[in-house]
Amino acid sequence: MGRGPEWLPRRAGPALLRRLEAADLAPFCAYRGDAEVARYQGWSPMAPDEALRFIEQMASAELLIPGAWAQLAIARADGDGLVGDIGLHVHADGETAEVGVTVAPSDQGRGYGSAAVAAAISLLFDHTAVSRVLGITDRRNRPSVRLLERVGMRRAETRRTVFKGEPCTEWVHAVSRGGWPAPLARR
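Counting of residues starts from 1 at the beginning of each chain's written sequence and follows it residue by residue. At least 70 in pLDDT is required for a residue's local features to be given in this predicted model, at least 80 for side-chain atom pairs to be given and counted, and no such filter applies to totals for whole chains, interfaces and linings, which use all residues. To get the side-chain values, take all heavy atoms of the structure and skip hydrogens and water.

Caption draft 1: Fine view of the sheet that holds strand β5 (residues 96-103). At least two DSSP bridges between two strands are required for those strands to pair. Helix and strand labels come from DSSP, where a helix needs a run of H or I of at least four residues and a strand needs a run of E of at least two; each type is numbered from the N terminus. Spatial strand order, β1-β2-β3-β4-β5-β6-β8-β7: eight strands in an open sheet with mixed pairing. Only two strands of the sheet have a single partner each, and these edge strands are β1 (10-12) and β7 (154-163). Averaged over all adjacent pairs, the angle separating strand axes in this sheet is 30 degrees, with direction ignored. Sheet topology note: the strand β6 (residues 132-138)/strand β8 (residues 166-176) ladder contains seven bridges and is antiparallel. Counted as the bridge partner of Leu134 is Ala174 from β8. Along the sheet face, helix α1 (residues 25-32) touches β3 (69-76), β4 (82-90) and β5 and points at about 75 degrees away from the line of β4. To obtain each axis, a line is fitted to C-alpha atoms, and for helices this fit is confined to the stretch in contact; angles are then taken between N-to-C directions over 0 to 180 degrees. Residue contacts follow a heavy-atom distance rule, with two residues in contact if any of their heavy atoms lie within 4.5 Å.

Caption draft 2: Looking closely at the nonpolar core. The set of buried Ala, Val, Leu, Ile, Met, Phe, Trp, Tyr and Cys residues whose side-chain atoms join them within 4.5 Å is what this entry labels a nonpolar core. Partly exposed describes any residue whose relative accessible area lies between the buried limit of under 20% and the exposed limit of over 50%, with all areas from a 1.4 Å probe on protein chains only and scaled to the type maximum. Among the nonpolar cores identified, the biggest contains 48 residues, and Phe28, Ile121, Leu124 and Val133 are the most heavily contacted of them. When contributions to this core are tallied by element, the ones reaching two or more residues are β2 (15-18), α1, α3 (48-60), β3, β4, β5, α4 (112-127) and α5 (142-150). Among all residues touching Ile121, those that are not within four sequence positions of it are Val133, Val151, Met153, Val175 and Trp180.

Caption draft 3: The arrangement of the pairing of β8 in detail. Most of β8 is tucked away, with eight of its eleven residues classed as buried. Examined bridge by bridge, β7 and β8 share nine bridges and lie antiparallel to one another. Within β8, the residue paired with Arg154 across the bridge is Ala174. Connecting the antiparallel pair β7 and β8 is a turn made up of two residues, with Lys164 showing a positive phi of about 55 degrees.

Caption draft 4: Summary view of unusual backbone geometry. For the peptide bond that leads from Leu8 to Pro9, omega is -5 degrees, which places it in the cis range. Looking at the secondary structure, you find Pro9 in the segment before β1. Phi at Asp80 takes a positive value of approximately 70 degrees, unusual for a residue other than glycine. Examined against the element boundaries, Asp80 turns out to sit in the loop between β3 and β4. A residue is classified by how much of its surface remains accessible, and Asp80, at 32% relative accessible area, is partly exposed. In this structure, Lys164 takes a positive phi of about 55 degrees despite not being glycine. Among the structural elements, Lys164 can be located in the loop between β7 and β8.

Any link to function would need more than the numbers given here.
What follows is the structure, encoded as C-alpha coordinates:
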(Lines give C-alpha, C1' and ligand atoms only; values in the text may rest on other atoms or scores of the structure.)
Protein backbone atom coordinates (compact mmCIF):
# COMPACT_ATOMS: atom_id res chain seq x y z
CA MET A 1 0.00 0.00 0.00
CA GLY A 2 2.37 2.79 1.14
CA ARG A 3 2.83 6.32 -0.14
CA GLY A 4 2.02 5.48 -3.74
CA PRO A 5 4.90 7.03 -5.67
CA GLU A 6 4.37 4.42 -8.36
CA TRP A 7 0.78 5.48 -8.96
CA LEU A 8 0.83 9.23 -8.39
CA PRO A 9 0.41 11.52 -10.16
CA ARG A 10 -2.43 9.87 -12.05
CA ARG A 11 -4.19 11.47 -14.99
CA ALA A 12 -7.96 10.97 -15.18
CA GLY A 13 -9.56 12.74 -18.14
CA PRO A 14 -9.43 16.49 -17.41
CA ALA A 15 -8.14 15.85 -13.87
CA LEU A 16 -4.81 14.93 -12.37
CA LEU A 17 -4.66 13.26 -8.96
CA ARG A 18 -1.47 14.19 -7.15
CA ARG A 19 -0.15 15.06 -3.71
CA LEU A 20 -1.20 18.36 -2.18
CA GLU A 21 1.67 20.88 -2.11
CA ALA A 22 2.41 24.26 -0.52
CA ALA A 23 1.64 26.07 -3.80
CA ASP A 24 -1.98 24.87 -3.42
CA LEU A 25 -2.56 26.94 -0.27
CA ALA A 26 -4.40 29.94 -1.79
CA PRO A 27 -6.90 28.00 -3.94
CA PHE A 28 -7.35 25.39 -1.18
CA CYS A 29 -8.26 28.08 1.37
CA ALA A 30 -10.50 29.86 -1.15
CA TYR A 31 -12.80 26.95 -1.99
CA ARG A 32 -12.70 25.43 1.50
CA GLY A 33 -13.57 28.84 2.94
CA ASP A 34 -16.74 29.08 0.82
CA ALA A 35 -19.77 28.46 3.10
CA GLU A 36 -21.79 26.84 0.32
CA VAL A 37 -18.94 24.43 -0.53
CA ALA A 38 -18.50 23.56 3.16
CA ARG A 39 -22.23 23.06 3.80
CA TYR A 40 -22.28 19.31 3.04
CA GLN A 41 -18.66 18.54 3.92
CA GLY A 42 -17.36 16.85 7.06
CA TRP A 43 -14.53 19.36 7.38
CA SER A 44 -14.61 22.98 8.53
CA PRO A 45 -12.78 25.91 6.92
CA MET A 46 -9.20 26.38 8.15
CA ALA A 47 -7.06 29.42 8.80
CA PRO A 48 -4.16 29.64 6.32
CA ASP A 49 -1.54 28.46 8.85
CA GLU A 50 -3.68 25.46 9.80
CA ALA A 51 -4.35 24.71 6.12
CA LEU A 52 -0.63 24.83 5.33
CA ARG A 53 0.11 22.35 8.14
CA PHE A 54 -2.63 20.08 6.78
CA ILE A 55 -1.27 20.32 3.22
CA GLU A 56 2.26 19.55 4.44
CA GLN A 57 0.97 16.57 6.41
CA MET A 58 -0.92 15.21 3.38
CA ALA A 59 2.09 15.79 1.11
CA SER A 60 3.94 13.01 2.89
CA ALA A 61 1.19 10.94 4.54
CA GLU A 62 1.05 7.21 4.01
CA LEU A 63 -1.83 6.46 1.65
CA LEU A 64 -4.44 3.72 1.72
CA ILE A 65 -3.65 2.76 5.30
CA PRO A 66 -6.62 1.10 7.06
CA GLY A 67 -8.26 3.46 9.52
CA ALA A 68 -6.75 6.69 8.14
CA TRP A 69 -8.09 9.39 5.83
CA ALA A 70 -5.76 10.93 3.27
CA GLN A 71 -6.42 13.85 0.91
CA LEU A 72 -5.12 14.10 -2.63
CA ALA A 73 -5.15 17.15 -4.86
CA ILE A 74 -7.41 17.31 -7.88
CA ALA A 75 -5.57 19.45 -10.40
CA ARG A 76 -6.12 20.39 -14.02
CA ALA A 77 -4.43 17.79 -16.18
CA ASP A 78 -3.52 20.48 -18.71
CA GLY A 79 -2.00 22.97 -16.29
CA ASP A 80 -1.73 21.39 -12.84
CA GLY A 81 -3.65 24.19 -11.05
CA LEU A 82 -5.63 22.99 -8.02
CA VAL A 83 -9.39 22.64 -8.57
CA GLY A 84 -10.28 20.55 -5.52
CA ASP A 85 -9.32 17.64 -3.32
CA ILE A 86 -10.46 14.10 -2.72
CA GLY A 87 -10.39 12.12 0.49
CA LEU A 88 -9.66 8.41 0.55
CA HIS A 89 -10.40 6.32 3.62
CA VAL A 90 -9.83 2.58 3.91
CA HIS A 91 -11.92 1.49 6.88
CA ALA A 92 -10.09 -0.23 9.74
CA ASP A 93 -11.47 -3.63 8.67
CA GLY A 94 -9.77 -3.28 5.26
CA GLU A 95 -12.96 -4.47 3.52
CA THR A 96 -14.60 -1.13 2.75
CA ALA A 97 -13.33 2.26 1.66
CA GLU A 98 -14.90 5.67 1.30
CA VAL A 99 -14.28 8.62 -1.01
CA GLY A 100 -15.22 12.25 -0.46
CA VAL A 101 -14.73 14.98 -3.02
CA THR A 102 -14.62 18.78 -3.01
CA VAL A 103 -14.36 20.91 -6.15
CA ALA A 104 -14.05 24.70 -6.28
CA PRO A 105 -17.31 26.37 -7.41
CA SER A 106 -15.64 27.90 -10.48
CA ASP A 107 -14.52 24.43 -11.61
CA GLN A 108 -17.72 22.48 -10.91
CA GLY A 109 -19.57 21.01 -13.88
CA ARG A 110 -16.40 20.49 -15.92
CA GLY A 111 -15.84 16.80 -15.23
CA TYR A 112 -13.06 17.16 -12.65
CA GLY A 113 -15.05 15.64 -9.78
CA SER A 114 -16.36 12.68 -11.77
CA ALA A 115 -12.95 11.92 -13.23
CA ALA A 116 -11.30 12.17 -9.80
CA VAL A 117 -13.85 9.92 -8.08
CA ALA A 118 -13.62 7.29 -10.83
CA ALA A 119 -9.81 7.36 -10.63
CA ALA A 120 -9.91 7.14 -6.82
CA ILE A 121 -12.21 4.11 -6.96
CA SER A 122 -9.85 2.45 -9.43
CA LEU A 123 -6.86 3.23 -7.18
CA LEU A 124 -8.64 1.70 -4.19
CA PHE A 125 -9.51 -1.48 -6.09
CA ASP A 126 -6.07 -1.70 -7.71
CA HIS A 127 -3.97 -1.09 -4.59
CA THR A 128 -5.99 -2.45 -1.66
CA ALA A 129 -8.06 -5.52 -0.84
CA VAL A 130 -11.29 -3.54 -0.31
CA SER A 131 -14.34 -5.17 -1.81
CA ARG A 132 -16.60 -2.11 -1.74
CA VAL A 133 -16.22 1.67 -2.03
CA LEU A 134 -18.75 4.10 -0.56
CA GLY A 135 -19.69 7.69 -1.26
CA ILE A 136 -21.91 9.31 1.38
CA THR A 137 -23.82 12.53 0.77
CA ASP A 138 -26.76 14.53 2.03
CA ARG A 139 -29.67 13.79 -0.28
CA ARG A 140 -30.18 17.54 -0.77
CA ASN A 141 -26.73 17.78 -2.34
CA ARG A 142 -28.04 16.94 -5.81
CA PRO A 143 -24.79 17.64 -7.69
CA SER A 144 -22.97 15.15 -5.43
CA VAL A 145 -25.72 12.56 -5.83
CA ARG A 146 -25.55 12.91 -9.64
CA LEU A 147 -21.73 12.66 -9.58
CA LEU A 148 -21.79 9.41 -7.56
CA GLU A 149 -24.41 7.92 -9.86
CA ARG A 150 -22.56 9.10 -12.97
CA VAL A 151 -19.44 7.15 -11.98
CA GLY A 152 -21.45 3.96 -11.43
CA MET A 153 -22.21 4.03 -7.72
CA ARG A 154 -25.71 3.02 -6.68
CA ARG A 155 -27.70 4.00 -3.61
CA ALA A 156 -27.29 1.21 -1.07
CA GLU A 157 -28.58 2.74 2.16
CA THR A 158 -30.50 5.68 3.59
CA ARG A 159 -29.59 7.10 7.00
CA ARG A 160 -31.32 9.74 9.08
CA THR A 161 -28.81 11.71 11.10
CA VAL A 162 -27.89 15.13 12.45
CA PHE A 163 -25.09 16.79 10.53
CA LYS A 164 -23.61 20.14 11.57
CA GLY A 165 -26.53 20.55 13.97
CA GLU A 166 -29.19 20.02 11.31
CA PRO A 167 -31.37 16.93 10.78
CA CYS A 168 -30.69 15.39 7.40
CA THR A 169 -30.98 12.26 5.32
CA GLU A 170 -27.74 10.78 4.01
CA TRP A 171 -27.63 8.54 1.00
CA VAL A 172 -24.88 5.95 0.98
CA HIS A 173 -23.82 5.08 -2.55
CA ALA A 174 -21.66 2.03 -3.19
CA VAL A 175 -19.83 0.12 -5.87
CA SER A 176 -18.33 -3.33 -5.47
CA ARG A 177 -15.09 -4.63 -6.87
CA GLY A 178 -17.07 -7.02 -9.10
CA GLY A 179 -19.13 -4.15 -10.50
CA TRP A 180 -16.13 -2.00 -11.45
CA PRO A 181 -15.41 -0.38 -13.76
CA ALA A 182 -18.91 0.88 -14.35
CA PRO A 183 -19.68 1.63 -18.02
CA LEU A 184 -19.63 5.43 -17.59
CA ALA A 185 -16.44 5.34 -15.51
CA ARG A 186 -14.57 3.68 -18.41
CA ARG A 187 -14.75 6.84 -20.52
